[in-house]
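# An overview of the molecular structure
Given next are the chains, with one letter for each unit.
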Amino acid sequence: MTIPSPIEGYEALTDNTRELKEGMLLLATAQNAPYRRELPEATPTVTPEVLLEAWELAMMNVVGVTGTNGKTTVTALIYSLLIDLGHSCALQGTRGLFVDDRPLERKHMTTPSILETLWNMKRAKDAGAEYFVMEVSSHAIHQERIEGLKFALKVHTNVTRDHLDYHGTVEEYRRIKSRFFVDDAPKLLNKDEIKTISYNPVGAYTYGVEEPATFKVMAYSLSDGISAVITHRDEQATFFSNMMGLFNLYNLTAAISAVKILTGEPLERICDEVENFGGVSGRMEVVSTRPTVIVDFAHTDDGIYRVLDSLKDKDLVVVFGAGGDRDRGKRPRMGAVAGRFAKKIYVTSDNPRSEDPEAIINEILAGLKGKENVHAIVDRREAIRRALSELEEGEILLVLGKGDEDTQEIAGVKYPFDDREVVLKLLEELEEVKGKK
């Protein structure tokens with residue numbers, strides 16, 4: 001990445017040694033350290049810490065959220081609550097870069113390079129933002145893509161099995177996640193899943209539904225959305241949300257707790273703003289009500305469990321697959337979880353990438369042996385069409401795995417494909433067929 005230089009005397013700043021030219025300054029990062037050895041000793045460099053000072057970013061309140069599930073929803077909730085409470089705030093994550101509800105960029109890496117993050121922080125500060133809320137992935141922690149950042153608060157959602165294609169083992173994955181919480185920075189941890197990580201207790205707050213915690217849900221209902229009572233010290237407040245599921249109760253509790261820590265606002269005032277949040281695109285998104293069709297990003301066995309368990313009293317139909325070139329071990333477990341909850345299952349392609357889609361499907365089917373009403377359909381659009389055409393009165397269809405992604409990657413090519421748009425188009429087509437009969 002190359003941007004205008006913040007240092008007088010240099011035309012531009014880059015973190016890519018291959019883009020370095022005369023008159024340019026190089027940001028020295030952990031990622032480009034191996035390549036800097038090949039450069040002349042006189043190459044002008046600057047560190048992320050110096051850049052933070054040059055751009056006067058040290059006073060910005062940076063909030064980082066990490067976890068296998070919930071990062072996108074929790075960051076969006078914190079961002080939304082802060083804005084509704086009258087604070088200027090920026091959001092960086094998989095959905096893009098936003099400042100006070102204005103999109104500056106649409107969709108990029110969960111956690112980009114440190115240069116891009118610092119540049120985004122500068123853009124946010126120049127727009128008046130006092131808070132910068134960001135998703136922090138395990139890859140970014142391992143590759144030190146957050147080096148030099150000083151966090152006003154670090155938030156932990158959960159750590160389950162994921163990204164083993166990169167980290168190798170669950171233990172290594174948890175070790176990397178735990179690295180985010182080893183310093184003295186203020187941190188907010190999920191007390192009900194705190195055993196999944198190790199952490200420095202200095203500056204630690206907790207939130208929970210089952211276990212005693214700094215922020216504790218005392219009572220809740222998950223029928224017709226979420227309503228709950230939360231306590232913190234001598235404060236107690238009630239919040240309501242149209243979001244669904246126990247996992248979203250945790251997401252809401254994490255966000256409310258984080259905003260309380262950051263702002264010190266009365267708990268009741270924070271909870272009053274919760275109902276304004278409409279949810280995150282592609283996360284338990286209801287794209288049709290007649291019939292009921294929900295699209296969600298769940299792409300691990302734990303993610304699928306959380307979604308389906310939240311609707312376990314309903315008649316569920318599920319369309320899902322698994323990504324190629326990723327952890328193969330989770331595939332049969334994904335099948336087993338779907339088999340536990342769903343009446344009908346359509347196993348299809350997700351983003352097969354360089355793998356054979358049929359081979360991926362067969363690995364998922366290994367977890368569905370003996371289960372009836374299981375259909376294997378390689379073409380994702382056809383699988384969704386079949387599921388919709390065979391949907392019966394009272395059944396709910398969940399299309400899982402891709403959420404708000406708008407492409408499908410097959411053999412190295414990304415084709416336009418948005419589950420939500422496909423569902424709506426197919427519903428139109430099915431209605432037209434009915435009308436002609």
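Look up a bit, the structure's there.
Here's a quick rundown of the structure. (Residues numbered from 1 in each chain as written. Predicted model: local features only at pLDDT ≥ 70, side-chain atom pairs only at ≥ 80, totals over all residues. Heavy atoms only, no water.)

## Overview of the pairing of strand β6 (residues 89-93)
Across a regular strand the side chains alternate sides, sitting on one face of the sheet and then on the other. Most of β6 is tucked away, with five of its five residues classed as buried. Covered by surrounding structure in β6 are C89, L91 and G93 together with A90 and Q92, the residues of both alternating faces. With four bridges joining them, β6 and strand β9 (residues 131-135) adopt parallel strand pairing. Bridge pairing in β9 links Q92 to M134. Across four bridges, the pairing between β6 and strand β7 (residues 96-99) is antiparallel. Each residue of the ladder has a partner; that of A90, found in β7, is V99. Connecting β6 to the next strand, β7, in antiparallel fashion are two residues. (Buried < 20%, exposed > 50% of the residue type's maximum accessible area, 1.4 Å probe, protein only. Helix = DSSP H or I, 4+ residues; strand = E, 2+ residues; numbered from the N terminus. Pairing = 2+ DSSP bridges.)

## Section: the side chain of K402
As for its placement among the helices and strands, K402 is situated in the loop between β21 (395-400) and β22 (407-410). Among residues more than four places away in sequence, those in contact with K402 are D296, F297, D350, N351, R380, T407, Q408, F417 and D419. (Contact = heavy atoms within 4.5 Å.)

## Focus on the nonpolar core
Ranked by internal contacts, the top residues of the largest apolar core, which has 44 residues, are I78, F239 and I256. Ranked by residues supplied to this core, first place goes to helix α8 (residues 246-263) with nine residues. When residues no more than four places from it in sequence are discounted, the contact partners of F239 are I226, S227, A228, I230, L249, L252, T253, I256, C271 and V274. Within the second largest apolar cluster, 35 residues are counted, among which are M60, M121, I176 and L189. (Core = buried A, V, L, I, M, F, W, Y, C linked by side-chain atoms within 4.5 Å.)

In short, geometric facts, not functional conclusions.
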